[in-house]
Structures are given as structure tokens and as C-alpha cells.
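Coordinates in review
Take a look at the letters that make up each chain.
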Amino acid sequence: MKNIKLLLLIPFIGMCLCLPFANKIEPYIFGLPFLLFWIILWMILSSLVLAIVYKLDPENQGGDE
């Protein structure tokens, strides 16, 4: 289970540690400056990672008791 929870580090690395490398205005993606696009992208990816961890967590496999 601890290996599954290590997936939660992916959004942290993408948002906090890689943000200085993405700190630029050019190029524009979908009309957004690159930094704003980067932040929105990682917000969406964070939700996906949290959903994956939730589905793989054995504590969530049981029914209502």
C-alpha cells in the first residue's frame, strides 16, 4: 500500500519542484501563458492521481457497514 501512496508525490513534484522550470510566458497554449497552463494542467493531473490512489486503496474496497 505504501507504494501506491508514493503516487501522491507526483503532483507535488510537478507543481512545486518543476514550477521554476515552467516559469515563462511564451509559448501560449490554448491562449494561456505557459505558466498558467502548467498550473491548470497539474490541477487536473492531481485530481486524476487522487482518483487512482482512491481506487487502488484496499481500505476503500469494502462495502458499507
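Residues numbered from 1 in each chain as written. Predicted model: local features only at pLDDT ≥ 70, side-chain atom pairs only at ≥ 80, totals over all residues. Heavy atoms only, no water.

**Some words on a nonpolar patch on the surface**
On the surface, a cluster of nonpolar side chains totalling about 470 Å² of accessible area is made up of Leu 6, Leu 9, Phe 12, Ile 13 and Leu 17. Take Phe 12: it is sitting in helix α2 (residues 9–17). Exposure remark for Phe 12: the relative accessible area of 44% places this residue in the partly exposed category. (Patch = residues over 30% accessible without salt bridge, like charges linked within 9 Å, V, L, I, M, F, W, Y side chains within 5 Å. Areas by Shrake-Rupley, 256 points an atom, 1.4 Å probe, with all protein chains shown as cover. Salt bridge = Lys/Arg side-chain N within 4 Å of Asp/Glu carboxyl O. Helix = DSSP H or I, 4+ residues; strand = E, 2+ residues; numbered from the N terminus. Buried < 20%, exposed > 50% of the residue type's maximum accessible area, 1.4 Å probe, protein only.)

**Side note on the packing of aromatic side chains**
This structure, assessed with the given rule, holds three aromatic pairs. Ring plane angle 55 degrees and centroid distance 6.1 Å describe the contact between Phe 30 and Phe 37, whose orientation is recorded as tilted. Between the aromatic rings of Phe 34 and Trp 38, the centroid separation amounts to 6.0 Å while the plane-to-plane angle is 40 degrees, which identifies the pairing as tilted. In this pair, Phe 34 and Trp 38 both sit in helix α3 (residues 34–56), four residues apart, roughly one turn of the helix. Overall, the relative accessible area of 18% leaves Trp 38 in the buried class. A connected cluster of aromatic rings, assembled from ring pairs, spans Phe 34, Trp 38 and Trp 42. Over the aromatic face of Phe 34 sits the side chain of Lys 24, whose NZ or CZ is 5.4 Å from the ring centroid. (Phe/Tyr/Trp six-rings, centres within 6.5 Å; stacked < 30°, edge-to-face > 60°. Lys NZ or Arg CZ within 6 Å of the ring centre and 35° of its normal.)

**A word on the packing of α2 against α3**
Where α2 contacts α3, the axes come no closer than 9 Å and their chain directions differ by 175 degrees. By the criterion of interaxial angle, the relationship of α2 to α3 is roughly antiparallel. Here α2 contributes Ile 10, Pro 11, Gly 14 and Met 15 to the contact with α3, which in turn contributes Trp 38, Ile 39, Trp 42, Ser 46 and Val 49. Here the residues of the contact of α2 with α3 are counted per class, giving seven nonpolar, two polar and no charged. (Axes fitted to C-alpha atoms, helices over the stretch in contact; angles between N-to-C directions. Parallel < 35°, antiparallel > 145°, perpendicular 65-115°, else oblique. Contact = heavy atoms within 4.5 Å. Nonpolar A, V, L, I, M, F, W, Y, C, P; charged D, E, K, R; others polar.)

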